[in-house]
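Chain by chain, the residues run as shown.
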Amino acid sequence: AQSVTQLGSHVSVSEGALVLLRCNYSSSVPPYLFWYVQYPNQGLQLLLKYTSAATLVKGINGFEAEFKKSETSFHPTKPSAHMSDAAEYFCAVSGRGQGAQKLVFGQGTRLTINP
Amino acid sequence: GAVVSQHPSWVICKSGTSVKIECRSLDFQATTMFWYRQFPKQSLMLMATSNEGSKATYEQGVEKDKFLINHASLTLSTLTVTSAHPEDSSFYICSASSGWVGGGTEAFFGQGTRLTVV
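First things first, this report covers the structure right here in the doc.

**Description of the pattern of salt bridges**
Turning to step 1, where the next piece is worked out: Throughout the structure, instances matching the rule amount to 6 salt bridges over all chains.
Turning to step 2, where the next piece is worked out: A salt bridge links D85 of chain A to K78 of chain A; the shortest N-O distance between them is 2.9 Å.
Turning to step 3, where the next piece is worked out: Overall, the relative accessible area of 11% leaves K78 of chain A in the buried class.
Turning to step 4, where the next piece is worked out: Where E22 of chain B meets R24 of chain B, a salt bridge forms, and the shortest distance between an N and an O atom there is 3.5 Å.
Turning to step 5, where the next piece is worked out: With a relative accessible area of 25%, E22 of chain B lands in the partly exposed category.
Turning to step 6, where the next piece is worked out: Residue classification places R24 of chain B among the partly exposed residues on the basis of a relative accessible area of 35%.

Shown next, in the form of structure tokens:
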């Protein structure tokens, strides 16, 4: 079964600083990986995803992430944090192929941006 | 991206009553819909997966008779919390997909429903 672990339940950075979120996966075969952003009292919005087309993927809001099989990681970064980036971020994993319907979510990382 | 509309956004009900939450895919056909529960400052817990026209598949530990899920059409799924109690108070989120998530098809999320049982 697939699982993901998000390192750091809370990340705090200054406005304009680099944002780094961390997600490691556990899977017997390379899975599909997703990052979602959730603003207070709202649903989830896809931030970026890895589905094997390319290991470096660009997402919304200036985020990008590189899938590293050797490190079983998928860490999004953003060069310069903006106040609007403050939100909860979730990493999720799914298996591949028909029958792999479920997304399994990590524990979440709350990103705080300091002015 | 595609739009998933969830209604109501919030609801308060009395203990012992039932509450229905609707999840609609507005601009695509959702062959699969998912229902999640989220406790404050926690992650999403998958409750059940439903495919259009089929019975929902519930996750272990989720009471089928308490959380009734209906996916009668390709654009609508409903979650009914029967005989609600204060411990059922939570944030419920639906998600919809037009294909297999395992095939790389994106799942789109509704805006969530905050249920408070008093």
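**Description of the packing of aromatic side chains**
Residue and element names in this part refer to chain A.
Turning to step 1, where the next piece is worked out: The final tally for this structure, using the stated rule, is 14 aromatic pairs over all chains.
Turning to step 2, where the next piece is worked out: With a centroid separation of 5.6 Å and an interplanar angle of 15 degrees, the aromatic rings of Y25 and F67 are classed as stacked. Here Y25 is found in strand 4 (residues 23–26), whereas its partner F67 is found in strand 8 (residues 64–68), with 42 residues between them in sequence. The residues Y25 and F67 share a single accessibility class, namely buried.
Turning to step 3, where the next piece is worked out: Their ring planes at 85 degrees and their centres at 6.4 Å tell us that F90 and F105 sit as a pair that is edge-to-face. Of this pair, F90 sits in strand 10 (residues 87–94) while F105 sits in strand 11 (residues 104–105), placing them 15 residues apart in sequence.
Turning to step 4, where the next piece is worked out: Its relative accessible area of 11% is what places F105 among the buried residues.

**Considering the state of the cysteines**
In a disulfide, the sulfur atoms of two cysteines are held together by a covalent bond.
Turning to step 1, where the next piece is worked out: Taken as a whole and assessed by the stated rule, the structure comprises 2 disulfides over all chains.
Turning to step 2, where the next piece is worked out: With its sulfur 2.0 Å from that of its partner, C23 of chain A forms a disulfide with C91 of chain A. Around the S-S axis, the bridge from C23 of chain A to C91 of chain A shows a dihedral of about -60 degrees and counts as left-handed. Here C91 of chain A lies in strand 10 and C23 of chain A lies in strand 4, a separation of 68 residues in the sequence.
Turning to step 3, where the next piece is worked out: Each sulfur of the disulfide joining C23 of chain B and C94 of chain B lies 2.0 Å from the other. Looking down the S-S bond of the C23 of chain B and C94 of chain B bridge, the torsion is 80 degrees, so its handedness is right-handed. Residue C23 of chain B is found in strand 3 (residues 19–25), and its partner C94 of chain B is found in strand 9 (residues 90–97); the two are separated by 71 residues along the sequence.

Analysis parameters
- Residues numbered from 1 in each chain as written.
- Chains lettered and ligands numbered in written order.
- Predicted model: local features only at pLDDT ≥ 70, side-chain atom pairs only at ≥ 80, totals over all residues.
- Heavy atoms only, no water.
- Salt bridge = Lys/Arg side-chain N within 4 Å of Asp/Glu carboxyl O.
- Buried < 20%, exposed > 50% of the residue type's maximum accessible area, 1.4 Å probe, protein only.
- Phe/Tyr/Trp six-rings, centres within 6.5 Å; stacked < 30°, edge-to-face > 60°.
- Helix = DSSP H or I, 4+ residues; strand = E, 2+ residues; numbered from the N terminus.
- Disulfide = S-S within 2.5 Å.

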